[in-house]
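Structural overview for review
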Amino acid sequence: MSSETLLYIILAGIVALSLALFQYINKRKSMSKLNMLFAFLRFISIFSILILLINPKFNQITFTTEKPNLVIAVDNSNSIKHLNQSEKVKTLVETISENSELKNKFNLSFYTFGETFKASDSLTFTEKQSNINEAFTQLSQIYKTSNAPTVLISDGNQTLGNDYEFASNTYKQPVYSIILGDTITYVDLKIQQLNVNKYAYLKNKFPVEAIVVYSGNSNVTSKFVVKQGNITVFSQNVSFSKNNNSALLNFNLPASLVGVSAYKAYLVPIENEKNKVNNYKNFAVEVIDQKTNIAVVSTFSHPDLGSLKKSIESNERSTVSFFEPNEFISKINDFQLVILYQPNNKFKEVITKLNAENKNKFIIEGSNTDLDFLNKNNTTYDHEITDQTENYQLN
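All figures in this text were calculated on a predicted structure; none of them were measured in a lab.

So, how was this worked out
For every chain, the first residue of the written sequence is number 1, and numbering continues from 1 onward in sequence order. Confidence filtering applies because this is a predicted model: local features only for residues at pLDDT of at least 70, side-chain atom pairs given and counted only at 80 or more, and all residues used for totals across whole chains, interfaces and linings. Note that the side-chain values use all heavy atoms of the structure and ignore hydrogens as well as water. The helix count covers DSSP runs of H or I at least four residues long, the strand count covers runs of E at least two residues long, and both are numbered beginning at the N terminus. Exposure was quantified through the Shrake-Rupley algorithm and a 1.4 Å probe, taking into account, for residues, occlusion by the shown protein chains and nothing else. Only protein chains enter the accessibility calculation, which uses a 1.4 Å probe; a residue whose area is less than 20% of its type maximum is buried, one above 50% is exposed, and one in between is partly exposed. Directions from the helix axis toward the C-beta atoms define the arc. Any pair of N or O atoms that falls within 3.5 Å is considered a polar contact. Within protein, one atom must be able to donate a hydrogen and the other to accept it, and sequence-neighbouring residues count only if both atoms are side-chain atoms. DSSP-based pairing: two strands are paired if at least 2 bridges between them are found. To get an axis, a line is fitted to the C-alpha atoms, and for a helix only the part in contact is used. The angle between two axes follows their N-to-C directions and goes from 0 to 180 degrees. Contacts: residue pairs with any heavy atoms within 4.5 Å of one another. Salt bridges are identified by distance alone: a Lys or Arg side-chain nitrogen within 4 Å of an Asp or Glu carboxyl oxygen. Among buried residues, the Ala, Val, Leu, Ile, Met, Phe, Trp, Tyr and Cys ones that are joined through side-chain atoms within 4.5 Å form a nonpolar core.

Let's shift gears to the overall build of the chain. The number of helices and strands found in the chain is 11 helices and 17 strands. Within the structure as shown, the chain displays about 26,200 Å² of accessible surface, and the carbon and sulfur contribution to it stands at 51%.

Here it is in structure tokens:
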């Protein structure tokens, strides 16, 4: 029952009681002591009726203080024990859970993560994997609509899941990390990335791009080397400093053997470099022995054709063949490019088939080109035909 309904019932009761007393007093007018009571009840009755007519509303506002959440996520994997940090972690968790000031200000919630994520403050450090990304994913769902600053206690060694560096970017809560283990920064060289095509043509050269980086404060010099088996195919000295801590190397390697060629790229380790695994990267390229076949279609011989063949075949990956229009029709699918030299109406069937099959074609015009024929058999351009001649002289 609402407070408004209860009020109406009370007022109605007062009115009913007032009317009953009014009738009683009328019968007992000689009772002088009830006269004042009668006047008071009459006032209450009239007042109650007026309140009912006004129909007032009462709103009740209640204020409560809700403490924010404080999430403590603890790495429960075996690597914590391996780093001899298990007792420190237990002591830290116990200190947080028993801190009276934190309890007064926050709702403390403890979670552990390793292979799985669960709500608990019981630490065993026996889990074989560490999935920090899963912890951020689960916490994002649990505290989706509330404020929950998070204390992350971990050694940072992740063996499962997506990289937590990117997962934390999507986690909307502030994160305060407590790092366990050795936090000393050591000098380090690293091949950040190698960019190379998967395929190359025989007797050609293929490009390679390498991005190498350095972590440290002193000036160092190393050598970037690429080997194919035991043979060094490329090497270059690289220098780094605290400010100049990266280098972009671009070079070409020869494709001399058909098949898959395997290579190893590495940076020669510097003195006192502890992590040498990231100095090495392997890559492979498949070398293909394949030529581009080009057809030249013409109805007459011309010195230009010889120059054209010599120019194209200067690239060992290309070959040129000559055809009359009528003999080329049956071989149209054997070529990757067709050069039409000074076409005329004898090229009609060739051009029709090239257009129908969407083949690559290149048209060379000259004094013997039938421009009316070209205008009628293409939709991409149109020649304006005039009777003007071009004057020229030989030097």
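Having seen it, we continue.
The next subject is the environment of Tyr-266. For Tyr-266, the location among the structural elements is in strand E12 (residues 259-267). C-alpha of Tyr-266 to C-alpha of Leu-189: the two residues are 77 residues apart in sequence and 9.9 Å apart in space.

Time to look at helix H6 (residues 132-142). Listed in full, the buried residues belonging to H6 are Ile-132, Asn-133, Ala-135, Phe-136 and Leu-139. An end-on view of H6 places all buried positions within 160° of arc, on one side of the element. Near the N-terminus of H6, the side chain that reaches the backbone nitrogen of Asn-133, with its oxygen 3.4 Å away, is that of Asn-131.

Attention now moves to the sheet that holds strand E15 (residues 318-323). Spatial ordering of the open sheet is given by E15-E14-E16-E17, a layout of 4 strands whose pairing is parallel. Strands at the two margins of the open sheet, each flanked by one partner only, are E15 and strand E17 (361-364). Taking the axes of each pair of neighbouring strands and ignoring which way they run, one obtains an average angle of 20° across the sheet. Helix H8 (residues 303-312) contacts strand E14 (292-297), E15, strand E16 (337-341) and E17 of the sheet and is inclined by roughly 160° relative to E15. In the packing of helix H10 (residues 348-356) onto the sheet, contacts are made with E16 and E17, and the angle to E16 comes to roughly 150°.

Take H10 next. Among the residues of H10, Val-350, Ile-351 and Leu-354 are the ones counted as buried. The buried residues of H10 occupy an angular sector of 95° when projected down its axis, which confines them to one face. Away from its buried face by more than 90 degrees, H10 exposes Glu-349 and Ala-356. As for H10, its buried residues are in contact with helix H9 (325-328), E16, E17 and helix H11 (371-376). Among the residues trailing H10, Asn-358 stands out with phi positive, at a value near 55°.

Moving on, we get to the pairing of strand E1 (residues 69-75). Along E1, 7 of the 7 residues are buried, which leaves the element largely enclosed by surrounding structure. By the alternation rule, side chains of E1 split into Asn-69, Val-71, Ala-73 and Asp-75 and Leu-70, Ile-72 and Val-74, which are all buried. Here E1 runs beside strand E2 (residues 107-113); their pairing, made up of 7 bridges, is parallel. By the bridge assignment for E2, Ile-72 is matched with Phe-110.

Time to look at the pattern of salt bridges. On inspection of all chains with the given rule, the structure shows 1 salt bridge. One salt bridge in this structure joins Glu-313 and Lys-309, with 2.9 Å as the shortest N-O distance. By relative accessible area, Lys-309 is classed as partly exposed at 28%.

On to the nonpolar core. Judged by nonpolar contacts, the single largest core of 28 residues is most densely connected at Phe-206, Phe-224, Val-226, Phe-240, Phe-251 and Leu-253. Here Phe-251 is in contact with Phe-206, Pro-207, Val-208, Phe-224, Val-226 and Phe-234, once residues within four sequence places are set aside. By size, the runner-up hydrophobic cluster in this structure holds 15 residues, among which are Ala-295, Val-297, Ile-332 and Ile-351.

With mixed pairing, 5 strands are arranged side by side in an open sheet as E7-E13-E12-E9-E10. Taken across any chain shown, the strands that pair with only one partner, and hence form the sheet edges, are strand E7 (199-201) and strand E10 (231-240). Direction aside, neighbouring strands of the sheet carry axes that sit 25° apart on average. As paired elements, E7 and strand E13 (residues 280-288) share 3 bridges and run parallel to each other. Within E13, the position partnered with Tyr-199 by the bridge is Glu-286.

Next up on the list: unusual backbone geometry. In the Ramachandran plot, Asn-84 falls in the positive-phi region, its phi being about 60° despite a non-glycine side chain. With respect to the element layout, Asn-84 can be found in the loop between helix H3 (78-82) and helix H4 (86-98). Note on Asn-84: relative accessible area 65%, which makes it exposed. At Asn-272, a residue that is not glycine, the phi angle is positive and equals roughly 70°. On the secondary structure map, Asn-272 appears in the loop between E12 and E13.

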